[in-house]
Amino acid sequence: MRSCAECGCPEYGGAPGCARCRALLDGLVEEGWRAFLRREFGRAEPSPEEETAIAGMVAEEPDRHDWRVVDAALDRLTCAGCGSRLGRGPRGCPPCDLADGFRYSAIETDRPGVPPGNEHAVRVGVSVVRAAHRQSPHAVLGWRAGLPALLEGFLPTTTQAQAMRARINAGATYEELAEAYGDLSPG
Ligand SMILES: [Zn+2]
Ligand SMILES: [Zn+2]
């Protein structure tokens, strides 16, 4: 795992506080979106109007698209209830809660050579950390600590995941958790 030059955490793990780690996470979603536009529409830079229309179509049918494409589409739509990016407003905003729930019906394809379920863990972690204000501090802490290892293809066993949760509940710091993941993960 490489350390982030800006915050010193393993890369991605400093989000949402570290702008560089946050940009890396956003980049995962944006790369998926650009690749989708190139594949389906022949160019990665449609006009803003076209891009919003495409995002609206994707958001209508999240189960037909990769999760990166769905998350990027939601980022391009404005919530009619609260005015934030759709699905990223405060908890309790009905359109955001609905969109945030539906996003999980998107397609998750494990990358070659990773344990089955790794991609699901990555997608949950990315969603949680990119909308940290919608989550409990413990959830954000756990995913921040785990994401760098997950992105390298690691997937904790149920026992390991439970042990991590117990440590979080007992008040472990980010540094302690990140070190524990570093020890578990072969990367
Ligand atoms: Zn960072
Ligand atoms: Zn909203």
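The following refers to the structure shown. (Residues numbered from 1 in each chain as written. Chains lettered and ligands numbered in written order. Predicted model: local features only at pLDDT ≥ 70, side-chain atom pairs only at ≥ 80, totals over all residues.)

## Remarks on the overall build of the protein chain
In step 1: For the protein chain, the helix and strand inventory stands at eight helices and zero strands.
In step 2: In the protein chain, the succession of helices and strands from N to C terminus is α-α-α-α-α-α-α-α.
In step 3: The C-alpha radius of gyration computed for the protein chain amounts to 17 Å, which stays within 12% of the reference 16 Å derived for 187 residues, consistent with globular compactness.
In step 4: Its C-alpha atoms put the protein chain at 45 × 35 × 30 Å along the principal axes.
In step 5: For the protein chain, the proportion of its 187 residues judged to be buried stands at 33%. (Helix = DSSP H or I, 4+ residues; strand = E, 2+ residues; numbered from the N terminus. Rg over C-alpha atoms; globule rule 2.2 N^0.38 Å. Buried ≥ 20, exposed ≤ 12 C-beta atoms within 10 Å, placed from the backbone.)

## Quick word on the environment of Arg 20
In step 1: The residue Arg 20 is located in helix H1 (residues 19-41) in this model.
In step 2: Remark: the alpha-carbon pair of Arg 20 and Ala 5, spanning 15 residues in sequence, is separated by 8.4 Å.
In step 3: Residues within four places of Arg 20 in sequence aside, it is in contact with Cys 4, Glu 6 and Cys 7. (Contact = placed C-beta atoms within 7 Å.)

## Side note on unusual backbone geometry
In step 1: A cis geometry characterises the amide bond from Ala 15 onward to Pro 16, with omega recorded as 0 degrees.
In step 2: Counting through the fold element by element, Pro 16 comes out in the segment before H1.
In step 3: Despite not being glycine, Tyr 12 has its phi angle at roughly 85 degrees, a positive value.
In step 4: Tracing the chain through its elements places Tyr 12 in the segment before H1.

## Concerning H1
In step 1: For H1, with 23 residues, the first-to-last C-alpha span of 31 Å sits near the 33 Å given by 1.5 Å per residue.
In step 2: Remark: the principal bend of H1, roughly 25 degrees, maps to Leu 28.
In step 3: Taken together, the buried positions of H1 are Cys 21, Leu 25, Val 29, Trp 33 and Phe 36.
In step 4: Residues of H1 that are buried make contact with helix H3 (67-75) and helix H5 (118-130).
In step 5: Just downstream of H1, Gly 42 is the residue with a positive phi angle, here 80 degrees. (Expected span 1.5 Å × (residues − 1). Bend = angle between axes of the 7 residues up to and from the residue.)

## Structural notes on the packing of H5 against helix H6 (residues 137-151)
For any two helices packed against each other, the geometry is given by the interaxial angle and the distance between the axes.
In step 1: Between H5 and H6, the least distance of the axes is 9 Å, while the angle of their chain directions is 135 degrees. Judged by the angle between their axes, H5 and H6 are oblique. Pair H5 / H6 crosses with left-handed handedness. Of H6, the residues touching H5 (which contributes Asn 118, Ala 121, Val 122, Gly 125, Val 128 and Val 129) are Ala 139, Val 140, Trp 143, Arg 144, Gly 146, Leu 147, Leu 150 and Leu 151.
In step 2: Of the residues contributing to the contact of H5 with H6, the split by class is 10 nonpolar, three polar and one charged. (Axes fitted to C-alpha atoms, helices over the stretch in contact; angles between N-to-C directions. Parallel < 35°, antiparallel > 145°, perpendicular 65-115°, else oblique. Left-handed = near helix turned anticlockwise from the far one by under 90°. Nonpolar A, V, L, I, M, F, W, Y, C, P; charged D, E, K, R; others polar.)

## A word on the packing of H1 against H3
In step 1: At a minimum axis distance of 8 Å, the contact between H1 and H3 shows a crossing angle of 100 degrees. Considered as vectors, H1 and H3 are oriented roughly perpendicular to each other. Within the contact between the two elements, H1 uses Leu 28, Val 29, Glu 30, Gly 32, Trp 33 and Phe 36 and H3 uses Arg 68, Val 69, Asp 71 and Ala 72.
In step 2: For the contact of H1 with H3, the residue count by class is six nonpolar, one polar and three charged.

## Remarks on the nonpolar core
In step 1: One finds Val 69, Val 70, Ala 73, Val 129 and Leu 150 to be the most contacted residues of the largest nonpolar core, which totals 40 residues.
In step 2: Contributing elements (two or more residues each) for this core: H1, helix H2 (48-60), H3, helix H4 (94-102), H5, H6, helix H7 (158-169) and helix H8 (174-184).
In step 3: Sorting elements by how many residues they give to this core places H6 first, with eight residues.
In step 4: Setting aside anything within four residues of it in sequence, one finds Leu 150 in contact with Asn 118, Ala 121, Val 122, Gly 125 and Leu 155. (Core = buried A, V, L, I, M, F, W, Y, C linked by C-beta atoms within 7 Å.)

## Considering the environment of Arg 88
In step 1: On the secondary structure map, Arg 88 appears in the loop between H3 and H4.
In step 2: Classification of Arg 88 by C-beta neighbours within 10 Å gives buried; the count is 20.
In step 3: Taking the C-alpha atoms as reference, Arg 88 lies 9.1 Å from Ala 132; in sequence the two are 44 residues apart.
In step 4: Here Arg 88 is in contact with Cys 96 and Ala 131, once residues within four sequence places are set aside.

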